[in-house]
Each structure stands twice: as structure tokens, then as C-alpha cells.
Amino acid sequence: MRSTAVLIVLLLATWLAAQDLGSRGAAGPLLGTPEPPEAETIGGFIEIRGSAELRLPPTEARLVARLASSGESVAHCTSAQRQRVDAVRAALLAIGVAETDLHLDFLALEPVHEWQLEEGSGGKAVIERPIGWRVRENLHVRVQRFELVPAIRSAALEAGATSWVAFDYDTPQLDEAKTAALRQALAAAQAKAELLCGGAFGERRPAPLNVRELVQVHAPHALYRTLPTPGNTSSGAWRFHQRELPQIAAERDPETYYHGFDRDVDRRGGTLPMRPEISVAATVWLYFRPPSRG
């Protein structure tokens, strides 16, 4: 008696590029046909995959502001920084941020150097000398009322924050969403197994062999796409006779937009990504023992 098996592989598509400049008329890459399994392993087992995505609206956000101050001495530097931090804190408290939602994170207190031209017995030299101190800290701001975000951004900068470093979303429902996505992925894999194994083998359906799972969380900041900055479109129309003159192109900011979750899954969590959401993607692999051939 010889046994045979069929390896059923339903591949999960890989990430697509950011529409590959689709908004500018460029076409994206085509997905090639997956390679068949190796002859040495095709008879070992049957693999069926199921996948699902859930989308969660964020319920809180963290904004991280950078605060930095300089001074001729450590005392002057730290004193200026305390005044800066106090001013930013007061500004945020005044617009409704709770004191418990502010956390100051120390980064560094380091010397500041400057190149100076000096002359000695051996001649002139440019030497880097310390001229003061600089302290850097981050202020973490937790926000649960998203309507305050525009005011928070402006108030912190106007009060003395150097810049905004990061903006993150979160929700306490994340653990429950992971379990729910896993259930949906398992249901999708089981439905495929019923369809494919039942249709291919009939009453001689393969016995379960093993199971594997993967759950991934995709935060909104990871779902943005930046299109390549276009070149200087005016250079082709340059007709000035004195071509030896330098050409200084205008600055162009890169085009960035919220692209959203774009992996191909069996059960999608939504349609068009119109606003930042947290995507939870789960995949389940079911393995079956190949049926014996009579």
C-alpha cells in the first residue's frame, strides 16, 4: 500500500507598498504565482491557513514633547529648564489636562562645545572648547479627550516646548481584541478545512495533526505611508540662456497620509480606512495528517 498526500497552501499576501504612487498614476507590482511545495515535503502534511483582522478605535493617546534648555553653568541650565517645564505644565493644566496625565522623562545633561580659533607657540589652531551646558527632557502627555489635542499641541509650543517628538494611540480593549481576532482566524481556517478537505477527500478526511497561531498588533503610526518626494518639475522647462547660473529648487514636503491596514486577510475588519485605528491581525495554521490511499 502506498500513501499519498496533498499539500494545500493558501498563502497570505505580503504587504503592498503605499499604493506605489497610485495617487500619481503609477501602477503597483503584480503578485506572482506562489511556488509549488517541494516534492520531498508535499506528502508530509496538509496545511490550511485562516486569517482575520479587527479594528479598534483608540480611546487614549500619548503626546511626547521635547523640552531643552541651555546655560553657561549647570545651575543656569537647570534653572532655565525648570522654568520651561513649569510654564508648559501650567499651560496644559489650564486647558484641562490632569496632573496625573503628565510625566517628565529626563534624557541628558551634557556639555555644549564650540570651535574656537586660538594661537599658541606652535601657531594657530581651531580647538573645540566647552562653553556651557544643555539639558534635555521629554514631557509625556496622556490624553483621553481627543478634542483637546489641537489645543495641547499649540499650548505646549507657545509655553516653551521645543518640539513634538511622538504621538501614539492605545486602548484598554486590546487584549480582548487579540482573543476575538484569533477566534475569527480559527473559524476561517476551520471553514476552509471543511470546504477543501471535504471536497477533496470526501469521507476520507484527514485527521488533525497540529496547530499554530500568530497575532500582531498594528498601531496607527505604523500604518501611514509616505510617497517619494517628486523631483524638480520645472527643470525640464528651464530655458534661460545663462545655464552656468545655479538653479535652486523650491523645497517640497513629502506627501504622507494614513493608508491603513492593507494585508490580505480572510475576514477584514472594515472597508476604507478613514481615520486612525488599531488593527489586530491573527493567523491560524491547521495541519492535518495525509489520508492513506487504499
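All figures in this text were calculated on a predicted structure; none of them were measured in a lab. (Residues numbered from 1 in each chain as written. Predicted model: local features only at pLDDT ≥ 70, side-chain atom pairs only at ≥ 80, totals over all residues. Heavy atoms only, no water.)

Undergrad: Looking at this structure, how should I read the overall build of the protein chain?
TA: A count of helices and strands for the protein chain gives three helices and nine strands. Ordered by position from the N terminus, the helices and strands of the protein chain form the series β-β-α-β-β-α-β-α-β-β-β-β. Looking at the protein chain as a whole, 31% of its 294 residues are labelled buried. Of the contacts formed within the protein chain by residues at least 6 apart in sequence, a portion of 82% connects residues at least 24 apart. (Helix = DSSP H or I, 4+ residues; strand = E, 2+ residues; numbered from the N terminus. Buried < 20%, exposed > 50% of the residue type's maximum accessible area, 1.4 Å probe, protein only. Contact = heavy atoms within 4.5 Å.)

Undergrad: Before we go on, may I ask you to explain the packing of aromatic side chains in this structure?
TA: Given two aromatic rings, one states the distance between the centres and the angle between the planes to describe the pair. Enumeration over the complete set of coordinates arrives at four aromatic pairs. A ring pair is formed by Phe167 and Tyr169, whose centres lie 5.1 Å apart and whose planes are at 75 degrees; its orientation type is edge-to-face. On the numbers, 5.2 Å between centres and 65 degrees between planes, the contact of Tyr224 with Tyr258 is edge-to-face. Pair noted here: Tyr224 is in strand β7 (residues 224-227) and Tyr258 is in strand β8 (residues 255-258), with a separation of 34 residues, a long-range link. A relative accessible area of 37% places Tyr224 in the partly exposed class. Taken together, the ring pairs connect Phe146, Phe167 and Tyr169 into an aromatic cluster. (Phe/Tyr/Trp six-rings, centres within 6.5 Å; stacked < 30°, edge-to-face > 60°.)

Undergrad: Looking at this structure, I do not really get helix α3 (residues 174-201). What am I missing?
TA: Within an α-helix, residues lying three or four positions from one another point in the same direction, as the helix has 3.6 residues per turn. Between the first and last C-alpha of α3 there are 39 Å, a value that for 28 residues agrees with the 40 Å anticipated at 1.5 Å per step. For α3, the full list of buried residues reads Leu174, Ala177, Ala181, Ala185, Ala188, Ala189, Lys192, Ala193, Cys197, Gly198 and Phe201. Where α3 is buried, its residues meet β1 (46-56), β5 (163-170), β6 (207-218) and β9 (278-289). Following α3 by one or two positions, Gly202 adopts a phi angle in the positive range, close to 65 degrees. (Expected span 1.5 Å × (residues − 1).)

Undergrad: I'm lost on the pattern of salt bridges in this one. Help?
TA: Side chains that differ in sign of charge can pair as their charged atoms come close. Counting across every chain of the model gives twelve salt bridges. Glu47 is the salt-bridge partner of Arg49, the closest N and O atoms lying 3.0 Å from each other. One salt bridge connects Arg145 with Glu147, and the closest N-O pair in it is separated by 3.1 Å. Residue Arg145 is classed as partly exposed on the basis of its relative accessible area of 44%. Overlapping salt bridges bring together Glu60, Asp101 and Arg142 as one network. (Salt bridge = Lys/Arg side-chain N within 4 Å of Asp/Glu carboxyl O.)

Undergrad: Quick question: what am I supposed to make of the nonpolar core here?
TA: The nonpolar side chains of a soluble globular protein tend to be buried with one another. With 19 residues, the main nonpolar core has Ile48, Leu56, Val280 and Phe288 as its most contacted residues. For this core, the elements supplying multiple residues, two or more each, are β1, α3 and β9. Per-element accounting of this core gives the leading share, eight residues, to α3. For Leu56, the residues in contact, after removing those within four places along its chain, are Thr171, Gln173, Leu174, Ala177, Glu277, Ile278 and Val280. Core analysis: the second largest hydrophobic core is formed by 17 residues, Ala61, Val88, Leu139 and Leu148 among them. (Core = buried A, V, L, I, M, F, W, Y, C linked by side-chain atoms within 4.5 Å.)

Undergrad: What's the story with a nonpolar patch on the surface in this structure? I'm lost.
TA: A contiguous nonpolar surface patch, about 330 Å² in accessible area, is contributed by Val74, Phe106, Leu109 and Trp133. We classify Val74 as partly exposed; its relative accessible area is 34%. (Patch = residues over 30% accessible without salt bridge, like charges linked within 9 Å, V, L, I, M, F, W, Y side chains within 5 Å. Areas by Shrake-Rupley, 256 points an atom, 1.4 Å probe, with all protein chains shown as cover.)

Undergrad: Hey, could you run me through the layout of surface pockets in this one?
TA: Which parts of space are left empty comes out when a probe the size of a water molecule is rolled across the atoms. In this structure, the largest pocket spans a volume of roughly 250 Å³. Surrounding the largest pocket, 16 residues form its lining, Phe261, Asp262, Arg268, Thr271 and Pro273 being those nearest its centre. Broken down by secondary-structure element, the contributors of at least two residues to the lining of the largest pocket are β1 and β8. Among the residues forming the lining of the largest pocket, the class breakdown is six nonpolar, four polar and six charged. (1 Å grid on protein atoms, 1.4 Å probe; cavity = no way out; pocket = protein on both sides within 12 Å on 5 of 7 lines; lining within 4 Å. Points joined across faces, edges and corners; volume = space filled by probe spheres on them. Nonpolar A, V, L, I, M, F, W, Y, C, P; charged D, E, K, R; others polar.)

Undergrad: What is the right way to read the sheet that holds β9 from this model?
TA: Adjacent strands of a sheet pair through backbone hydrogen bonds, lying either parallel or antiparallel. Taken in spatial order, the three strands make up an open sheet running β1-β9-β6, and their pairing is antiparallel. The open sheet is flanked by β1 and β6, the only strands paired with a single partner. Each neighbouring strand pair of the sheet contributes to a mean axis angle of 15 degrees, computed without reference to strand direction. Summarising the sheet, β1 and β9 pair through eleven bridges and their orientation is antiparallel. Bridge pairing in β9 links Ala52 to Ala282. (Pairing = 2+ DSSP bridges. Axes fitted to C-alpha atoms, helices over the stretch in contact; angles between N-to-C directions.)

Undergrad: In this structure, what is going on with the sheet that holds β5? I would like to understand it.
TA: The four strands lie next to each other as β3-β4-β2-β5, forming an open sheet whose pairing is antiparallel. Each of the sheet's edge strands pairs with one partner strand only, and the pair in question is β3 (102-120) and β5. Sheet twist, expressed as the average angle between the axes of neighbouring strands with direction ignored, equals 20 degrees. Each of β2 (60-71), β3 and β4 (123-143) touches helix α1 (residues 74-94); the most contacted strand, β2, lies at about 150 degrees to it. Packing of helix α2 (residues 149-159) onto the sheet brings it into contact with β2, β4 and β5, and relative to β5 it is tilted by some 155 degrees.

Undergrad: Which parts of the structure should I look at to understand the packing of α1 against α2?
TA: Between two packed helices, what matters for the description is the angle formed by their axes and the separation of those axes. Remark: α1 packs on α2, axes separated minimally by 8 Å, with the N-to-C direction vectors making an angle of 150 degrees. Considered as vectors, α1 and α2 are oriented roughly antiparallel to each other. In the packing of α1 onto α2, the handedness of the crossing is right-handed. For the pair α1 and α2, contact is made by Arg84, Ala87, Val88, Ala91 and Leu92 and by Ile152, Ala155, Ala156 and Ala159, respectively. (Parallel < 35°, antiparallel > 145°, perpendicular 65-115°, else oblique. Left-handed = near helix turned anticlockwise from the far one by under 90°.)

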